[in-house]
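Structural overview for review
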Amino acid sequence: MVYDPESAANVLRSENRIPYRGGFNSLAYYRKHIKKHENNHKKLTGLITDQGEEWWDLRSTVNPVLLQPKTIKLYSAAIDEVAQEMMNRMKSKLDENNRLQAKFDDEMNLWALESIGVVAFGIRLNCFDPNLAENSPEKKLIECVHQIFNLSNQLDFQPSLWHIFSTPTYKKAMKMFQLQEDLSKYFINKAMRNINKNENKPDEQKGVLEKLLDINEEYAYIMATDMLVAGVDTVANSIAATLYLFAKNPEKQEKLREEVMSKESKRYLKACIKETMRMMPVVSGNLRRTTKEYNILGYHVPKGIDVAFAHQDLSSMEEHYPRPTEFIPERWLADKNDPLYYGKAHPFVMAPFGFGVRSCIGRRIAELEIETFLTKILENFRVEWYGPPPKIIQTSINYFTGPFNFVFNDIKKK
């Protein structure tokens, strides 16, 4: 565990050609040894789980698609539509005290899944449909995505004997991975029928799925499933953290609402999101496995050691960010002469989207989703919180757990 930003910078920069980052070994095992590979002798497992040259081949191929701002902007209207539908859904589920009668975390996961589904599959999944049959592909996908993160946490981030023999949790996980893959193929095939109707679409109008299918069909399947694994719980928990900080800092919430209503800028919105990621990041740090020996602050670190960089803890230290326990979005907009100016901190103190070639490939998508959803929230609700602070459980990500004591006051009601 490294709590020194300069040491973090040294290792991360040195391990930046083809960095090794462990995690999600159960998913990697499924894709390498259980999954059927008809035409792919390399047995690619995906950006989350692959390492080495195989990972780099996939990453360098999909980078131009997922990191192209023009491509991600194509989804602005659809993401906005999903967010507005969630506002309507939330209003319909408020009780007389303006508290959500449904489970808040389930609702946020539904919104996040519907949003990322637009990008991954190029179609609406209709997760909000109250009439979805229990055995429908949509309903199965909702439950599957929820189960996968839970099962992966048990197998990969808690003590488990699945490497030695097939535990009940391992067997369930393998079935869930297979189900998710089958469901992804179902929705991609459904989307392809729509794509085939518009075969002559100009390249600049093609979305993520269409561009990936043009490159490699197997890559399209892999990236669609990876987006579901990595893009639901993470974004949903980021929203929960931001809304909590808004509720506990009403003056900041009102200041942001003024900006949102003016529709002239997103500067303060982006600052609020950055400040949330500093105080309550969805991931506590970064990880690398060393490919050579290091001397870290006088300690000898051999090759093949996992080194974790404690960005969350570093970001809460006074020496890096003055008044670290306070929600101060202004620090991200302050002048260089201001004591709060964020630039006074070492650049490797905070890294919410990772670093270098292994940084989050879905960053632009996540930012679009979060900015759009928060804008809709502020246009519709004044968010409050009652009772004790939320509990946060640290696994592969930081999970907000209930009770979720939010109050959503409808500002449009007279």
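Note that the structure is predicted; figures quoted are calculated from it, not measured. Going along each chain's sequence as written, the residues are numbered from 1 onward. Restriction of local features to residues with pLDDT of at least 70 applies here, the model being predicted, together with a cutoff of 80 or more for giving and counting side-chain atom pairs; totals for whole chains, interfaces and linings are based on all residues. The basis for every side-chain value is the complete set of heavy atoms in the structure, and neither hydrogens nor water enter the calculation.

**As for the overall build of the protein**
Operational definition: The secondary structure listing takes helices from DSSP runs of H or I that are at least 4 residues long and strands from runs of E that are at least 2 residues long, numbered from the N terminus. Atoms considered for the radius of gyration are the C-alpha atoms alone. The globule rule reads 2.2 Å times the number of residues to the power 0.38. Each residue is placed in one exposure class: buried if its accessible area under a 1.4 Å probe, protein chains only, is under 20% of its type's maximum, exposed if it is over 50%, and partly exposed if it falls in between. Any two residues whose heavy atoms approach within 4.5 Å at even a single point are treated as in contact. Only the protein chains shown count as cover for residues, and the accessible areas themselves come from Shrake-Rupley with a 1.4 Å probe. His is not counted, nor are the chain ends; Lys and Arg add positive charge and Asp and Glu add negative charge. In this description, the location of a charge corresponds to atom NZ of lysine, CZ of arginine, CG of aspartate or CD of glutamate.
Along the backbone of the protein there are 15 helices and eight strands. Taken against the 2.2 N^0.38 rule, which gives 22 Å for 414 residues, the C-alpha radius of gyration of the protein at 22 Å falls within 12% of a compact globule. Dimensions of the protein along its principal axes, counting C-alpha atoms only, are 60 × 60 × 45 Å. Scored against the burial criterion, the 414 residues of the protein give a buried share of 52%. For the protein, restricting intrachain contacts to residue pairs at least 6 apart in sequence, the fraction spanning at least 24 positions comes to 72%. Carbon and sulfur atoms provide 50% of the accessible area of the protein, an area that totals close to 19,900 Å². Charge centroids of the protein, computed over 57 positive and 54 negative side chains, lie 1 Å from each other.

**Here's the deal with the pairing of strand S5 (residues 381–385)**
What counts here: Paired strands, in this sense, are two strands between which DSSP finds at least two bridges.
Of the two faces of S5, only one is covered, namely that formed by Phe381, Val383 and Trp385; the face formed by Arg382 and Glu384 stays uncovered. With five bridges connecting them, S5 and strand S8 (residues 406–410) associate as antiparallel partners. When the bridges of S8 are listed, Phe381 appears paired with Asp410.

**Things to note about the side chain of Arg358**
For clarity, the threshold we go by: Any carboxyl oxygen of Asp or Glu that lies within 4 Å of a side-chain nitrogen of Lys or Arg is treated as forming a salt bridge with it.
You can see Arg358 is positioned in the loop between helix H14 (311–315) and helix H15 (363–380). With no salt bridge to any partner, buried Arg358 finds its closest opposite charge in Asp50, at an N-O distance of 7.5 Å. Apart from residues no more than four positions distant in its own chain, Arg358 is found in contact with Pro19, Arg21, Leu47, Ile48, Asp50, Gln51, Trp55, Arg59 and Arg288.

**Points about the packing of helix H6 (residues 104–121) against helix H11 (residues 233–248)**
Defined as follows: Lines fitted to C-alpha atoms define the axes, with helix axes restricted to the stretch in contact, and inter-axis angles between N-to-C directions lie between 0 and 180 degrees. Note on terminology: angles under 35 degrees are roughly parallel, angles over 145 are roughly antiparallel, angles of 65 to 115 are roughly perpendicular, and the others are oblique. Handedness of a helix crossing follows the sense of rotation of the near helix relative to the far helix, less than a right angle counterclockwise being left-handed and clockwise being right-handed.
Their axes nearest at 8 Å, the elements H6 and H11 cross at an angle of 125°. When the interaxial angle is binned, H6 and H11 end up oblique. Along this stretch, H6 crosses H11, giving a crossing that reads as right-handed. Counting all contacts with H6, which are made through Phe104, Met108, Asn109, Trp111 and Ala112, the residues of H11 involved are Asp233, Val235, Ala236, Ile239, Ala240 and Leu243.

**Quick look at the UniProt feature "binding site: heme" (unreviewed entry) in the protein**
How we decide: UniProt positions are given in the numbering used here, feature names are shortened, and annotations may be inferred rather than shown by experiment.
Those residues carrying the UniProt feature "binding site: heme" (unreviewed entry) are Cys360 in this numbering. Considering the arrangement of structural elements, one finds Cys360 in the loop between H14 and H15. Classification of Cys360 as partly exposed rests on a relative accessible area of 35%.

**Examining the pattern of salt bridges**
Taken as a whole, this structure holds 26 salt bridges when the rule is applied. Residues Lys185 and Glu181 are paired through a salt bridge, measuring 3.6 Å at the closest nitrogen-oxygen approach. Taken together, the positions of Lys185 and Glu181, both in helix H8 (residues 168–196) and four residues apart, correspond to about one turn of that helix. The exposure class of Lys185 is partly exposed, given its relative accessible area of 32%. Where Glu254 meets Arg257, a salt bridge forms, and the shortest distance between an N and an O atom there is 2.6 Å. Placement of the pair is Glu254 and Arg257 together in helix H12 (residues 250–262), with a separation of three residues, close to one helical turn. A relative accessible area of 27% means that Glu254 is categorised as partly exposed.

**Section: a nonpolar patch on the surface**
Definition in use: Only residues above 30% relative accessible area that lack a salt bridge enter a patch, with like-charged residues linked at up to 9 Å and the nonpolar side chains Val, Leu, Ile, Met, Phe, Trp and Tyr linked at up to 5 Å.
Side chains of Leu161, Ile164 and Phe165 sit close together on the surface and give an oily, nonpolar patch of about 330 Å² of accessible area. Mapped onto the elements, Phe165 comes out in the loop between helix H7 (137–156) and H8. Relative accessible area serves as the criterion here: at 44%, Phe165 is assigned to the partly exposed category.

**Remarks on the nonpolar core**
We count it as follows: What makes a nonpolar core is a set of buried Ala, Val, Leu, Ile, Met, Phe, Trp, Tyr and Cys residues whose side-chain atoms join them at distances within 4.5 Å.
Judged by nonpolar contacts, the single largest core of 115 residues is most densely connected at Met90, Trp111, Phe121, Leu243, Phe373 and Phe408. At 11 residues, the largest contribution of residues to this core is made by H6. Once residues lying within four places of it in the same chain are set aside, the contact partners of Phe408 are Met90, Leu94, Asn98, Phe104, Leu243, Ile377, Phe381, Arg382 and Val383. By size, the runner-up hydrophobic cluster in this structure holds 11 residues, among which are Val2, Leu12, Tyr294 and Val301.

**Some points on unusual backbone geometry**
A cis amide bond, omega 5°, links Gly402 with the succeeding residue Pro403. Its location among the elements puts Pro403 in the loop between strand S7 (398–401) and S8. Phi is positive for Asn98, which is not a glycine, with a value near 65°. By secondary structure assignment, the location of Asn98 is in the loop between helix H5 (76–92) and H6. Despite not being glycine, Leu297 shows a phi value in the positive range, around 55°. On the secondary structure map, Leu297 appears in the loop between strand S2 (294–296) and strand S3 (299–301). Judged by relative accessible area, which is 59%, Leu297 ranks as exposed.

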